[in-house]
There are 2 protein chains.
Amino acid sequence: MNKATTYPVSARGPADHDVRDQIVTAATEHFSRYGYEKTTVSDLAKAIGFSKAYIYKFFESKQAIGEMICANCLREIETEVSAAIAGADTPPEKLRRMFKAMTEASLRLFFQDRKLYEIAASAATERWQAVHAYEERIQKLLQDVLQEGRQTGDFERKTPLDETALAIYLVMRPYLNPLLLQHSFDYNKEAPAHLSSLVLRSLSP
Amino acid sequence: MNKATTYPVSARGPADHDVRDQIVTAATEHFSRYGYEKTTVSDLAKAIGFSKAYIYKFFESKQAIGEMICANCLREIETEVSAAIAGADTPPEKLRRMFKAMTEASLRLFFQDRKLYEIAASAATERWQAVHAYEERIQKLLQDVLQEGRQTGDFERKTPLDETALAIYLVMRPYLNPLLLQHSFDYNKEAPAHLSSLVLRSLSP
């Protein structure tokens, strides 16, 4: 068992990480501008100035690069959501800010600044691992806020916690899943506030 | 002013309605099977056995036929929703059944029986008049149930009615809009019950 924890030191060594990061950064830039679907690994290699073979040394496919970009993007959203929660004093306010931050960060990263929509859409359609993990962590964050609110007496305790959490997650889902978010542009500004208020009314003890 | 209400009796007379219905029925069948986007009015004419010119006598474009099919389809959903509401005794039960019937009828008409998804998607994307009117009528139905529940004392009265109605409509929207519904197949079975329960908790006096 001990043996498994001793990783062989590769000849390429720690620089691997740097090269991977470099590829991911350049690919993020390139996909943002030219789209993910239409770009091939050859296009990408040409644009970055690496050989295709060199890229394949670090990533087995375009999707593997896409998954890394997607994971970074979701981590960024999650960081903003966590910061929004941490900046609020009471559980109800945490819930409001969570909903708002989640919607705004998703809109910005998927559609505005980075236009990573195509990657996000593939990720959501094909249920990439990063998406699955992200959704679970968001649900965990939500459960934590709910639990805290039950302890402080801000939220009711009659409904089973997992039932409450699932229902609220279903209310939030159209604003965190890019496939749904793209059809809600008319509502994205006002929806988080209205839906948070409804959810908070549903949580009142 | 009186003159405007006296419509001239056309030479084609009342049979116009029958022919229009006949075209719409045949087109619904044809689009369900072969899709709306790819089918031209010529294809449709050939399939029905009418001349293209004859169809254009009754409908100015393919979209005009699509709009009629869409309006019929939405009327069908609305009839089912109204029947579901009428069959329930209390306002909370009406709300539950409304949500369930709306989701089930939308799924069946857009995706299963008729596969009218392409028409529904164009209608929702381009905001056809029939969709607009349908959404307004659904919101009106919702308001009626809410108002009734406020009168019976089942629902709280502190929140302004239009605010409550809008928030609940936003919760329901992913299950009545076909563009959103297609990305919620994993949740369509359980979501209406969970979301109705959450909404009813939010309405408790």
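Criteria and cut-off values
- Residues numbered from 1 in each chain as written.
- Chains lettered and ligands numbered in written order.
- Predicted model: local features only at pLDDT ≥ 70, side-chain atom pairs only at ≥ 80, totals over all residues.
- Heavy atoms only, no water.
- Least-squares fit on C-alpha atoms with pLDDT ≥ 70 in both.
- UniProt positions renumbered as here; feature names shortened; annotations may be inferred.
- Helix = DSSP H or I, 4+ residues; strand = E, 2+ residues; numbered from the N terminus.
- pLDDT = per-residue confidence, 0-100.
- Buried < 20%, exposed > 50% of the residue type's maximum accessible area, 1.4 Å probe, protein only.
- Contact = heavy atoms within 4.5 Å.
- Axes fitted to C-alpha atoms, helices over the stretch in contact; angles between N-to-C directions.
- Parallel < 35°, antiparallel > 145°, perpendicular 65-115°, else oblique.
- Nonpolar A, V, L, I, M, F, W, Y, C, P; charged D, E, K, R; others polar.
- Buried area = accessible area lost by both parts, 1.4 Å probe.
- Salt bridge = Lys/Arg side-chain N within 4 Å of Asp/Glu carboxyl O.
- Polar contact = N/O pair within 3.5 Å; in protein donor to acceptor, adjacent residues only side chain to side chain.
- Expected span 1.5 Å × (residues − 1).
- Bend = angle between axes of the 7 residues up to and from the residue.
- Domains from an automatic or database assignment.

A. Just the relation of the copies chain B and chain A, in detail. The transformation that overlays chain B on chain A combines an axial shift of 0.0 Å with a rotation of 180°, and the residual RMSD is 0.0 Å. Taken together, the rotation and translation relating the two chain copies correspond to the operation of a two-fold axis. Ranked by how close their C-alpha atoms come to the rotation axis, the residues of chain B are headed by Ser-202 of chain B, at 1.7 Å.

B. Expanded view of the UniProt feature "domain: HTH tetR-type" (unreviewed entry) in chain A. Those residues carrying the UniProt feature "domain: HTH tetR-type" (unreviewed entry) are residues 17-77 of chain A in this numbering. The span residues 17-77 of chain A is 80% helix and 0% strand, and its two end C-alpha atoms sit 23 Å from each other.

C. Spotlight on the confidence of the model for chain A. Per-residue pLDDT for chain A averages 88, and the proportion of residues at 70 or more is 92%. Mean pLDDT values for the elements of chain A range from 42 in helix α1 (residues 2-5) of chain A up to 97 in helix α11 (residues 191-203) of chain A.

D. Structural context of the UniProt feature "DNA-binding region" (unreviewed entry) in chain A. Here, the residues flagged by UniProt with the feature "DNA-binding region" (unreviewed entry) are residues 40-59 of chain A. Here residues 40-59 of chain A is 75% helix and 0% strand, with 13 Å between the C-alpha atoms at its ends.

E. Representation of the side chain of Ser-196 of chain A in the model. All names here are of chain A. Take Ser-196: it is sitting in helix α11. On the basis of relative accessible area, Ser-196 is assigned to the buried category, the value being 1%. Once you skip the residues sitting within four places of it in the chain, Ser-196 turns out to touch Leu-95, Arg-96, Phe-99 and Ala-191.

F. Focus on the packing of helix α2 (residues 15-34) of chain A against helix α5 (residues 62-86) of chain A. Residue and element names in this part refer to chain A. Packing of α2 against α5 brings their axes to within 10 Å, and their N-to-C directions diverge by 85°. In this view, α2 runs roughly perpendicular relative to α5, as classed from their interaxial angle. Between α2, through Arg-20, Ile-23, Val-24, Ala-27, Thr-28 and Phe-31, and α5, the contact on the second element is made entirely by Lys-62, Ile-65, Met-68, Ile-69 and Asn-72. A per-class count over the contact of α2 with α5 returns seven nonpolar, two polar and two charged.

G. Spotlight on the interface of chain B and chain A. On the chain A side, the residues contacting the 26 residues of chain B number 26 residues. Looking at the side of chain B facing chain A, the largest losses of area belong to Leu-170, His-183 and Arg-201 of chain B, adding up to 25% of the total buried there. The interface formed by chain B and chain A includes four salt bridges. Glu-163 of chain B is the salt-bridge partner of Arg-201 of chain A, the closest N and O atoms lying 3.9 Å from each other. On the surface where chain B and chain A come into contact, there are four residue pairs in polar contact (both at pLDDT 80 or more). Where the side of chain B that touches chain A is concerned, the elements lending two or more residues are α9 (161-176), α10 (178-181) and α11 (191-203) of chain B. A total of 11 residues in the side of chain B that touches chain A trace back to one element, the largest contributor, which is α9 of chain B. Here the residues of the side of chain B that touches chain A sort into 15 nonpolar, six polar and five charged.

H. Focus on α9 of chain B. Residues and elements named next belong to chain B. Between its first and last C-alpha atoms α9 spans 21 Å; for 16 residues at 1.5 Å apiece the expected length is 22 Å, and the two agree. The sharpest bend along α9 reaches about 35° and sits at Leu-170, with the proline Pro-174 one to four residues further on. Across the 16 residues that make up α9, a large majority, 13, are buried.

I. Fine view of the pattern of salt bridges. Counted under the stated rule, the structure contains 20 salt bridges over all chains. The closest approach of N and O atoms between Glu-156 of chain B and Arg-201 of chain A, which form a salt bridge, is 3.9 Å. Residue Glu-156 of chain B is located in the loop between α8 (129-152) and α9, and its partner Arg-201 of chain A is located in helix α11; the two belong to separate chains. Side by side, Glu-156 of chain B and Arg-201 of chain A carry an identical accessibility label, which is buried. The structure contains a network of salt bridges with shared partners spanning Glu-156 and Glu-163 of chain A together with Arg-201 of chain B.

J. Focus on the packing of helix α6 (residues 91-112) of chain A against helix α8 (residues 129-152) of chain A. All names here are of chain A. The geometry of α6 relative to α8 is characterised by a closest axis approach of 9 Å and an angle of 160° between their N-to-C directions. Taken together, the axes of α6 and α8 lie roughly antiparallel to each other. Seen from α6, the contacting residues are Pro-91, Lys-94, Leu-95, Met-98 and Met-102; seen from α8, they are Tyr-134, Ile-138, Leu-141, Leu-142, Val-145, Leu-146, Glu-148, Gly-149 and Thr-152. Among the residues forming the contact of α6 with α8, the class breakdown is 10 nonpolar, two polar and two charged.

K. Summary view of the domain arrangement of chain A. Residue and element names in this part refer to chain A. Along its sequence, chain A is carved into domain 1 (13-60) and domain 2 (67-203). The centre of domain 1, based on its C-alpha atoms, is set 30 Å off from the matching centre of domain 2. At the interface, 11 residues of domain 1 touch 10 residues of domain 2. Buried area between domain 1 and domain 2, summed over both chains or domains, comes out near 830 Å², and the portion from carbon and sulfur atoms is 66%.

L. Local environment of α8 of chain B. Residue and element names in this part refer to chain B. Taking 1.5 Å per residue, 24 residues should reach 34 Å; α8 reaches 35 Å between its end C-alpha atoms and fits that length. On the buried face of α8, the contacting elements are α5 (62-86), α6 (91-112), α7 (117-125), α9 and α11. Gly-153, located one to two residues past α8, shows a positive phi value of around 85°.

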